[in-house]
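# Reading the structure
One letter stands for each residue in the lines below.
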Amino acid sequence: MAETRFLRDYSPYPFRVRKTRLDVTLAPQGTVVSSRIEFERAGPGPLVLDGGAGLRTRSVTIDGAPLDAAHLIMTGETLTIAEAALPARSFTFGAEVEIDPEANTALEGLYLSGGIFCTQCEAEGFRHITWYPDRPDVMAPFRVTVRSDLPVLLSNGNPVAQGEGWAEWHDPWPKPAYLFALVAGDLKAVSDSFTTMSGRKVALNVWVRPADLDRADFAMEALKKSMRWDETAYGREYDLDVFNIVAVDDFNMGAMENKGLNIFNSKLVLASPETATDVDYERIEAVIAHEYFHNWTGNRITCRDWFQLCLKEGLTVFRDQQFTADVRSAAVKRIEDVVTLRGRQFREDAGPLAHPPRPDRYEEINNFYTATVYEKGAEVIGMLKRLVGDEGYRKSLDLYFDRHDGQACTIEDWLKVFEDATGRDLAQFKRWYTDAGTPKLSLSEDWDGEAGRLTLRFIQATAPTPGQSDKPPRVIPIAVGLISQNGDEVMPTRVLEMTEARQDFGFDGLGSRPVVSLLRGFSAPVTVDRAMTAAERAVLLAHDTDSFARWQAGHDLAMDALVAMAQGGSADPVFTHALGGVLDDASLDPAFVALVLRLPGEDEIAAEIATRGTTPDPDAIHRAREALAAELASEHERSLSDLYDRMEVPGAYSPEAEPAGRRSLRLAALGLLSRLDGGQRAQALWDSASNMTEKMGALAVLVRLDRAGAALAGMEAHFGDNRLVMDKFFSVQPMAAPPARAVPVAKALADRPDFDWKNPNRFRSLIGGLAANHAAFHALDGSGYDFVADWLMRLDPVNPQTAARLSTVFETWPRYDADRRARARAALERLAALPSLSGNTGEMVRRILA
Ligand code: PHE
Ligand code: ZN
């Protein structure tokens, strides 16, 4: 069991690193890393360096002289040199170690992916490469020589020199070891250049395997867009002569912001109309932007320690969300982000894994790359921006970049910048960073007709979370507007600042009782509890000027209908009728209409039922959702079929927001119409479509109807050797199959020779796909739980980080009935009992079971 680390135990490193010099000779089984690190004393204490058990240490020197073994203590994790054995002020530490990239299946440190040498060092991967102070507050300029016969040799910073079989790179910007990167392989690039706002020309390359070269242009366009956007929106300019992106097939996460050398999961780089969907394109653009934006928020200004992870991640997610909102549709992007936040972060916050955006303890930092750190971290910044205004935000960010460039910072530094720039006291606001849990905001309304006065009475309450029982009130920015019963806006958006546990806000001069449009733009990450009639919701769905609140009204209507149906009741006809109004309103953005048509997911319905204090039944929820879809289809057949025809996008495929929005509405209509036509349209679309968006939309329908045999065979015949497309083949089947079929289908897929389960994308596609089929994963007989647990047991010794991450699919187990709880618990306990279980998965399973 790994030891727990605490935020309160932080102490600065007793040395500064002046320069780091690496010389790496690559070989699959015996890569030699020789290092020279120039240290300068900054405080008392021994020299402690981090390093993994995988380092075969051949020599250790101080100022070139071999170190006497008596002065050196080496454990599996650290190397310590006593203060007495070190020169007083400054010295150079040298080491030569040998490592084995080919055996590295954990994909942390230096490893091989399809013949490409690459690295992943965040959070603590550099210690698997050589001995080093592997902590983010130790920053140094790096000079790196890479030696290999492979044609392309890359590292951070600018190229300095190269010759036959070697290349030297220099990164002048001091950086922590987690931003180190090295790549060597038989790669080809899409190349371009970018001229920065001050006129410097930067060489840009997107490196991929030669066979993938025709799928890298979109990533390059996204990179240039991102670079320009950061200049215009934040005044941030790029700071090296080159910017390299490399795509690899084996990667634990999405992508990594290594200075000047971003390394990406190939699924977030490669795209062509025939192989990638609209959602893939949007995601690629957003992640390219995200990693690029880290150059300032993460790299130039980094984190003091890993407790501060949301300092860089929350801010960078916030920035990539702003970017996507700007280059696509802001209204649609906001709704998508809230759907993700609720689906992942609210779910996390409501269960055993709840933690604050800035945790104060962890066993394994890799387990804290969570929706709370990322997505809630971004929401908190959105609230801050709303509270200080656009101008205050810009002033604060300018001060942040000015004051902290080159530093490793804390959340305290971040908040202080806002306080100094705007004069606002943020002591109470800070609770958003330190307290876990999603506040519940309850609203009751008091209408005084005679005085024309509406009083909104708010109560905020946050349920206890693991380790935090006391939840003092937070600052909640509540954006509200008022809409008259016949749909006119009688009060435009106003932001109420709630700071107390209970607080009232009054509005005067109202002629008649309005409908309150609450939490416009989703102004705070809270759940809302308010009594509202379906008719009032329908008013908002038809007339709200705030597109988020408008979508929310429709979503609430759908949710009420689904909860009622899952509990044996029926849908309020007001919902079906109101939806007709949306379908027939030609002035609406098709992407928005598609979002309104998308019914809440089964997991979200289960969460809502649990919130309302009853036990969700996954089978009943599945049936309810199917039944509501069928009801909507027959009620609106004409409009839907009309939409399906009208939303066809003629001409060549473009991944832009407008055509993508039309396709998403077309596919939403297709999904509903398939309840009536038995999948006839879907089959026709599968046969005729030339882009992957429509192909996958059609395929999901065919799989759900259990008539996808021919389509799947065709897909395999055509795309059998395309890993990214085959990942879709592996995920759509368990995910969309009828619940009773899903586990057998998943088992059959797992038996295929091309189920390359050591590849994280492939593993996630199949195992994660099954877990995303709510009624199948939560099957009463426990077959879903067992299937997933068995595979986690197999993956854990090979790749603990990905196994631990996937174990979160179990985090909702406490919300179900006693039978399911017992089955889930048994599956988790089998996992926990593995004698060799990794620290990563061990921590997760213990927390999930606690
Ligand atoms: N820092 C990366 C990002 O958010 C995520 C990551 C974390 C990648 C850990 C790999 C390992 O952009
Ligand atoms: Zn990031």
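Named according to an unreviewed UniProt entry, the protein is Aminopeptidase N originating from Paracoccus salipaludis. UniProt's Cofactor (unreviewed entry) comment on the protein is quoted here verbatim: "Zn(2+)". Database annotation for the protein, UniProt heading Catalytic activity (unreviewed entry): "Release of an N-terminal amino acid, Xaa-|-Yaa- from a peptide, amide or arylamide. Xaa is preferably Ala, but may be most amino acids including Pro (slow action). When a terminal hydrophobic residue is followed by a prolyl residue, the two may be released as an intact Xaa-Pro dipeptide."

## So, the pairing of strand S18 (residues 201-208)
Along a regular strand, successive side chains alternate from one face of the sheet to the other. Pairing of strand S17 (residues 188-195) with S18 involves 8 bridges; the strand directions are antiparallel. Bridge pairing in S18 places threonine 195 opposite lysine 201. Counting the residues that bridge the hairpin from S17 to S18 gives 5 residues, and of these glycine 199 lies at a positive phi of roughly 90°. Sheet topology places S18 next to strand S19 (residues 242-248); 5 bridges connect them, and they run parallel. Within S19, the position partnered with tryptophan 207 by the bridge is valine 246. In this fold, the crossover linking S18 to S19 by way of helix H1 (residues 217-234) has left-handed handedness.

## Structural notes on the sheet that holds strand S21 (residues 261-265)
For sheets, the rule is that strands pair by backbone hydrogen bonds, running either parallel or antiparallel. If you walk across this open sheet you meet the 5 strands as S17-S18-S19-S21-S20, and the pairing is mixed. Two strands close off the open sheet at either side, each with one partner strand: S17 and strand S20 (255-256). Sheet topology note: the S19/S21 ladder contains 5 bridges and is parallel. Paired with alanine 247 across the two strands is phenylalanine 264, which belongs to S21.

## Details of the sheet that holds strand S6 (residues 65-66)
Strand order in this open sheet of 8 strands is S6-S5-S9-S3-S2-S12-S15-S14, and the pairing throughout is mixed. Both outer strands of the open sheet, S6 and strand S14 (158-163), are each paired with one neighbouring strand and no more. Across 6 bridges, the pairing between strand S2 (residues 15-25) and strand S12 (residues 140-147) is parallel. The residue of S12 that forms the bridge with threonine 25 is arginine 147.

## Observations concerning the site of ligand 1
In the neighbourhood of ligand 1, the contacting residues comprise Gln120, Glu122, Ala123, Met253, Ala255, Met256, Glu257, His290, Glu291, Glu313 and Tyr369. For the shell around ligand 1, the secondary structure elements donating two or more residues are S20 and helix H2 (278-293).

## What about the UniProt feature "domain: Peptidase M1 alanyl aminopeptidase Ig-like fold" (unreviewed entry) in the protein?
The sites that carry the UniProt feature "domain: Peptidase M1 alanyl aminopeptidase Ig-like fold" (unreviewed entry) are, in the present numbering, residues 437-530. As a span, residues 437-530 carries 0% helix and 53% strand, and end to end its C-alpha atoms are 19 Å apart.

## Let's talk about helix H11 (residues 590-597)
Of all 8 residues making up H11, 8 are buried, and the element is well covered by its neighbours. Among the structural elements, helix H4 (330-349), helix H9 (547-566), helix H10 (573-583) and helix H15 (657-677) are those in contact with the buried residues of H11.

About the cut-offs
Residues numbered from 1 in each chain as written. Chains lettered and ligands numbered in written order. Predicted model: local features only at pLDDT ≥ 70, side-chain atom pairs only at ≥ 80, totals over all residues. UniProt positions renumbered as here; feature names shortened; annotations may be inferred. Pairing = 2+ DSSP bridges. Helix = DSSP H or I, 4+ residues; strand = E, 2+ residues; numbered from the N terminus. Right-handed = clockwise from strand over helix to strand, strands pointing away. Near = placed C-beta within 6 Å. Buried ≥ 20, exposed ≤ 12 C-beta atoms within 10 Å, placed from the backbone. Contact = placed C-beta atoms within 7 Å.

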